[in-house]
Amino acid sequence: MFIQNILTKLAVSPFSPAEWMGLPENGSFHGDEVGHLIDVITWFMIVLFVGWTLFFLLCLVKFRQKKNPQASYQGVKNHASTHLEIGVVIIEAVLLLGFALPLWSERTDDFDQAKKENAVRVRAVGFQFGWKFHYAGADGKFGFIDRTLAKSQGDHCLDPADPNGFDDFVTTELKIPVDRPVILQVTSTDVIHNFSIIPMRIQQDAFPGKDIPMWFTPIKEMETSVVCGQLCGEGHARMVGSLKVIPQKEFNDFIAKQSKTAADKKK
Ligand SMILES: [Cu+2]
């Protein structure tokens, strides 16, 4: 069955290792680029694997004991390996300066753009063992976060004295609208976790004491799971939460209803 699955995938997309390995359907704007990168890297690894295996076999034959009864203590006498090493340094410099840094700067510029485009902000609070989601409520403003107020695991540490927090609310399910940038501020109340949404092709470590932003734009409505991507204790495997990407209208209703309930409770 497993072999048959792989063969079917090979037939459908013969050049995409990401597909063969069963990468879940992409749900974010930038996700296809990540899939493409996985494909390129995997092909590169396949070429390296085949190349080194052939070289290994060649060495086994060429330097077999029968043909070389006496060991050579000098080894290679020409400068080929030095030239090769200089070549590798140049290629790596091109990769870093020509690809990695420009791509990173593009990604960070996009983040500035996302902030301008009225992104949805939600805090994702990790704890042993689960996730909680803190929304700013209908006013769009988070109340002041004071981490010394933590009373329980996964506490969002809202300062009750700050009026901005009057309609803030917390859920165990993450709901976000489709086709709008989302900035998740990832944090933890105990150890280091990792907030990972495979269909969105994104993850971010969650550190106690820090809100670290991660962002993406969901492009289709879906229901999927969020997991912890960092071994964080014996209950790590249970750290599965749920994510729903819903239409903007439904999202507005959700925010309005939850904010009202939260505000009424605090009155
Ligand atoms: Cu964890």
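In case you missed it, the structure is sitting above this.
Because the structure is a prediction, the values reported are computed rather than measured. (Residues numbered from 1 in each chain as written. Predicted model: local features only at pLDDT ≥ 70, side-chain atom pairs only at ≥ 80, totals over all residues. Heavy atoms only, no water.)

Visitor: Describe in detail a nonpolar patch on the surface, supporting the description with residues and values.
Guide: Residues L37, I41, F44, M45, L48, W52, F55 and L58 make up a contiguous nonpolar surface patch of roughly 840 Å² in combined accessible area. Residue placement: F55 occurs in helix α3 (residues 31-62). For F55, a relative accessible area of 43% gives the class partly exposed. (Patch = residues over 30% accessible without salt bridge, like charges linked within 9 Å, V, L, I, M, F, W, Y side chains within 5 Å. Areas by Shrake-Rupley, 256 points an atom, 1.4 Å probe, with all protein chains shown as cover. Salt bridge = Lys/Arg side-chain N within 4 Å of Asp/Glu carboxyl O. Helix = DSSP H or I, 4+ residues; strand = E, 2+ residues; numbered from the N terminus. Buried < 20%, exposed > 50% of the residue type's maximum accessible area, 1.4 Å probe, protein only.)

Visitor: So what about the nonpolar core? Which residues, and what values?
Guide: In this structure, F133, Y135, L174, L184, F195 and I197 are the most contacted members of the largest nonpolar core, which totals 33 residues. Examining the composition of this core, we find that four residues originate from one element, helix α5 (residues 248-266), more than from any other. In this view, Y135 contacts V122, F142, D168, F169, T171, E173, L174, K175, F251, F254 and I255; residues no more than four positions away in its chain are not counted. By size, the runner-up hydrophobic cluster in this structure holds five residues, among which are F111, A114, I183 and W215. (Core = buried A, V, L, I, M, F, W, Y, C linked by side-chain atoms within 4.5 Å. Contact = heavy atoms within 4.5 Å.)

Visitor: Explain the sheet that holds strand β8 (residues 212-216) to me, using residue names and the numbers behind them.
Guide: Note on sheets: strands pair through backbone hydrogen bonds, and any given pair is parallel or antiparallel. Taken together, five strands build an open sheet; the order of strands is β3-β2-β1-β5-β8 and the sheet is mixed. On the outer flanks of this sheet lie β3 (169-171) and β8, each paired with one strand and no other. On average, each strand axis in the sheet is inclined to that of its neighbour by 30 degrees, with strand direction left out of account. For strand β1 (residues 120-127) and strand β5 (residues 182-188), the ladder comprises seven bridges, and the chain directions are parallel. Pairing of G126 across the sheet is with S188, part of β5. Along the sheet face, helix α4 (residues 80-116) touches β1, β5 and β8 and points at about 85 degrees away from the line of β8. (Pairing = 2+ DSSP bridges. Axes fitted to C-alpha atoms, helices over the stretch in contact; angles between N-to-C directions.)

Visitor: Can you tell me about the coordination of the copper ion, naming the residues and giving the values?
Guide: Perfect tetrahedral coordination of a metal by four donors corresponds to 109.5 degrees between them, and perfect octahedral coordination by six donors corresponds to 90 or 180 degrees. Here the copper ion is held by H193 (ND1), C228 (SG), C232 (SG) and M239 (SD), and the distances to it run 2.1 to 2.5 Å. Around the copper ion sit four donor atoms, and with donor-metal-donor angles ranging over 91 to 126 degrees the site reads as tetrahedral. (Donors = N, O, S within 2.8 Å, 3.2 Å for Na, K, Ca; no water. Tetrahedral: all angles 85-135°; square planar, octahedral: opposite > 155°, others 65-115°.)

Visitor: Mind laying out the pairing of strand β9 (residues 222-228), listing which residues take part and the relevant values?
Guide: In this structure, strand β6 (residues 193-197) lies alongside β9, joined through two bridges in antiparallel fashion. Counterpart to F195 in the pairing with β9 is C228. In this structure, β9 lies alongside strand β10 (residues 241-246), joined through five bridges in antiparallel fashion. In the sheet register, E223 faces β10, and the bridge partner there is K244.

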